[in-house]
Amino acid sequence: MIENTKTTSLAFGSMALELDIPERNISSIILPSEPEKKEDPTSLIKKALENPIKRKRLSEIVNPDSRIAIIVSDVTRPTPTAKLLPPLLEELYLGGAKDENITIVFALGLHRNQTEEESRKLVGEEVYKKIRCIQHDTGRCRRIGITSRGTPIEIFEGIMGADVVIGTGSIEFHYYAGYSGGAKSVLPGVSSKETVLTNHKMMIDEKAVSGRVDGPVRQDMEEAAKIFGLDFILNVVLDSKKEIVTAVAGDFIEAHRKGVEVVDSMYKVPVEPADAVIVSCGGFPKDINLFQANKALDNATQAVKAGGSIILVAECAEGIGNQVYECWNRECQNPDEAIERFKKCFEFGGHKTAIIARISKRFKLYLVSKLSNEQTRNAFFTPMASAEDALSAVLLENPDAKIHLMPHGGQTLPVRKEN
């Protein structure tokens, strides 16, 4: 008897992998409920800037003498900064702002420096030519205070002289800050290594998970941004095609929460856990390296029964993506060793090894990527040459396995149905 199969497309870097899967094994395709009709992105951004939440319009806040800093996302984030900046600058010009008083700061956090080409592409040729663009430097930060949770607030001095600080970014799920966007442009965006590490140590709290705003990591970030004085945000929500569906502007907490409501309505999907899940991060840049790709894995864990299998499809063209993570992967012989080491010593990068170690104790993890077999095994995954091979391994063990498909794993958050 010929089995009916369904062909599904899984983003892999800038390509797509086609996978045929027997229809009887498909439990569901976990998809976002994205709006069919989309307004023109520029008009969405303009509308948000003209109707800021709990803040005056920027054109009413700035004047011809205002020194303005605009914090923008770095190359690892999908934020379409080049689309955000022209309407944002227009709003500033309405208030009399001058190009020579505006600085764009790339919020690298603890990520690598960008090439000039990357910076130019992110902000757009026109803007890059006329406005000073600088990169965050963790070595040039000044302490301005401490949060109630004990995080030192040390901010990049290149932004300290500004009269008005504007944060830009996109809002999506984040596996320990709950969501990206909002205060994240300050912490970790333009904070010192010590600030970021102290804040990120709270990621082992049970509330520090995707889809929550009351976790300690996000709350601490927001307290730091408040003490620093983040004046205004312009954030967007993107769909799986990386197109803007909503823009929010204004108070960095209130406007952020409006964006969060939209993210939840689009991307929180109630599911019954299945025997396995096949998850793609959604392609570049979400699967640029294993460090970034793990976010999709984290979301997928919600859709699988304990002891089930997760097949992660992620190109990882830039390898592991973090030296400490790579180092811990090599040095920790097994999951238990990684978990114990993390309890004794918090090291950013090592947290990924520990998180995956925990996940690997609950599920079988398969990885389809461009990493070497050794790199894959060191990271507690079983390497697979193709999605077909990984699927065969799951079906060999259980021919009747029910499988969820998650083509946009970085964006979709399965929520277990309450029985």
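On a predicted model such as this, the values are computed, not experimentally measured, just so you know.

Section: the overall build of the protein
Here's step 1: On a plain count of helices and strands, the protein comes out with 14 helices and 20 strands.
Here's step 2: A globule of 419 residues ought to have a C-alpha radius of gyration of about 22 Å, and the protein, at 22 Å, matches this closely.
Here's step 3: Projected onto its principal axes, the C-alpha positions of the protein cover 75 × 50 × 45 Å.
Here's step 4: In the protein, which comprises 419 residues, the proportion classed as buried is 57%.
Here's step 5: The long-range fraction of contacts in the protein, counting pairs at least 24 apart against all pairs at least 6 apart in sequence, stands at 74%.
Here's step 6: Total accessible area on the protein stands at roughly 17700 Å², and carbon and sulfur atoms take up 48% of it.
Here's step 7: Within the protein, one finds 53 positive and 58 negative side-chain charges whose respective centroids are separated by 3 Å.

Focus: the UniProt feature "domain: LarA-like N-terminal" (unreviewed entry) in the protein
Here's step 1: Under the UniProt annotation, "domain: LarA-like N-terminal" (unreviewed entry) lies at residues 12–209.
Here's step 2: Helix makes up 25% of residues 12–209 and strand makes up 26%, while its end C-alpha atoms are separated by 25 Å.

Things to note about the UniProt feature "domain: Lactate racemase C-terminal" (unreviewed entry) in the protein
Here's step 1: As recorded in UniProt, the feature "domain: Lactate racemase C-terminal" (unreviewed entry) lies at residues 272–409.
Here's step 2: Helix makes up 43% of residues 272–409 and strand 21%, with an end-to-end C-alpha separation of 16 Å.

Notes on the pattern of salt bridges
Here's step 1: Evaluated as defined, the whole model comprises 28 salt bridges.
Here's step 2: In this structure, the salt-bridge partner of arginine 341 is glutamate 331, at a minimum N-O distance of 2.9 Å. Remark: glutamate 331 occurs in helix α10 (residues 323–331) and arginine 341 occurs in helix α11 (residues 335–344); sequence separation between them is 10 residues.
Here's step 3: Looking at arginine 341, the relative accessible area reads 26%, which means it is partly exposed.
Here's step 4: You can call glutamate 331 partly exposed: its relative accessible area is 39%.
Here's step 5: Linking lysine 343 and glutamate 340 is a salt bridge whose minimum nitrogen-to-oxygen distance equals 3.4 Å. Highlighted residues: lysine 343 and glutamate 340, both in helix α11, separated by three residues, approximately one helical turn.
Here's step 6: Owing to a relative accessible area of 60%, lysine 343 belongs among the exposed residues under this scheme.

Some remarks on the packing of helix α9 (residues 290–300) against helix α12 (residues 350–362)
Here's step 1: In the contact formed by α9 and α12, the axes pass within 11 Å of each other and the chain directions differ by 30°. Judged by the angle between their axes, α9 and α12 are roughly parallel. Our pair here, α9 against α12, has a crossing hand that is left-handed. On the side of α9, the interface is formed by Phe291, Asn294, Lys295, Leu297 and Asp298, while α12 contributes His351, Lys352, Ile355, Ile356 and Ile359.
Here's step 2: Along the lines of polarity and charge, the residues of the contact of α9 with α12 split into five nonpolar, two polar and three charged.

With respect to the packing of aromatic side chains
Here's step 1: In this structure the tally under the stated criterion is six aromatic pairs.
Here's step 2: Plain terms: the ring middles of phenylalanine 342 and phenylalanine 346 are 5.4 Å apart, the flat faces sit at 55° to each other, and that makes the pair tilted.
Here's step 3: An aromatic cluster of at least three residues, connected via ring pairs, comprises Phe291, Tyr325 and Phe348.
Here's step 4: For arginine 341, the ring lying beneath its charged end belongs to tryptophan 328, and the centroid distance is 4.2 Å.
Here's step 5: In this arrangement the basic side chain of lysine 352 is found over the ring face of phenylalanine 291, its NZ or CZ atom lying 4.4 Å from the centre.

Quick word on the nonpolar core
Within soluble globular proteins, side chains that are nonpolar generally end up buried alongside one another.
Here's step 1: Counting residues in each nonpolar core, the largest one holds 81 residues, and the members touching the most others are Ile159, Leu290, Ile310, Leu312 and Phe381.
Here's step 2: The biggest single contributor to this core is α9, with six residues.
Here's step 3: A domain split of this core shows at least three residues from each of domain 1 (5–30 + 272–416) and domain 2 (41–266).
Here's step 4: Setting aside anything within four residues of it in sequence, one finds leucine 290 in contact with Cys316, Gly319, Ile320, Tyr325, Leu367, Leu371, Ala379 and Phe381.
Here's step 5: Counting 33 residues, the second-largest nonpolar core is a separate cluster that includes Ile70, Leu85, Ile102 and Ile104.

Comments concerning helix α1 (residues 41–50)
Here's step 1: Taken together, the buried positions of α1 are occupied by Leu44, Ile45, Ala48 and Leu49. For α1, the angular spread of buried residues about the axis comes to 130°, placing them on one side.
Here's step 2: The inward-facing, buried residues of α1 contact α2 (58–61), α3 (81–94), β12 (232–238) and β13 (244–250).

Concerning the pairing of strand β17 (residues 364–368)
Here's step 1: Burial analysis of β17 places four of its five residues in the buried class, the great majority of the element.
Here's step 2: Relative to β17, strand β16 (residues 304–313) is paired through five bridges, and the arrangement is parallel. Bridging across to β17, isoleucine 310 finds its partner in leucine 365.
Here's step 3: Judged from the three bridges that link them, β17 and strand β18 (residues 382–384) form a sheet pairing that is parallel. Along β18, the bridge assignment pairs valine 368 with methionine 384.
Here's step 4: Chirality of the crossover, the property in question, places the unit of β17, helix α13 (residues 373–378) and β18 among those that are right-handed.

The rules behind the values
Residues numbered from 1 in each chain as written. Predicted model: local features only at pLDDT ≥ 70, side-chain atom pairs only at ≥ 80, totals over all residues. Heavy atoms only, no water. Helix = DSSP H or I, 4+ residues; strand = E, 2+ residues; numbered from the N terminus. Rg over C-alpha atoms; globule rule 2.2 N^0.38 Å. Buried < 20%, exposed > 50% of the residue type's maximum accessible area, 1.4 Å probe, protein only. Contact = heavy atoms within 4.5 Å. Areas by Shrake-Rupley, 256 points an atom, 1.4 Å probe, with all protein chains shown as cover. Lys, Arg positive; Asp, Glu negative; His and termini not counted. Charge placed at Lys NZ, Arg CZ, Asp CG, Glu CD. UniProt positions renumbered as here; feature names shortened; annotations may be inferred. Salt bridge = Lys/Arg side-chain N within 4 Å of Asp/Glu carboxyl O. Axes fitted to C-alpha atoms, helices over the stretch in contact; angles between N-to-C directions. Parallel < 35°, antiparallel > 145°, perpendicular 65-115°, else oblique. Left-handed = near helix turned anticlockwise from the far one by under 90°. Nonpolar A, V, L, I, M, F, W, Y, C, P; charged D, E, K, R; others polar. Phe/Tyr/Trp six-rings, centres within 6.5 Å; stacked < 30°, edge-to-face > 60°. Lys NZ or Arg CZ within 6 Å of the ring centre and 35° of its normal. Core = buried A, V, L, I, M, F, W, Y, C linked by side-chain atoms within 4.5 Å. Domains from an automatic or database assignment. Arc of directions from axis to C-beta. Pairing = 2+ DSSP bridges. Right-handed = clockwise from strand over helix to strand, strands pointing away.

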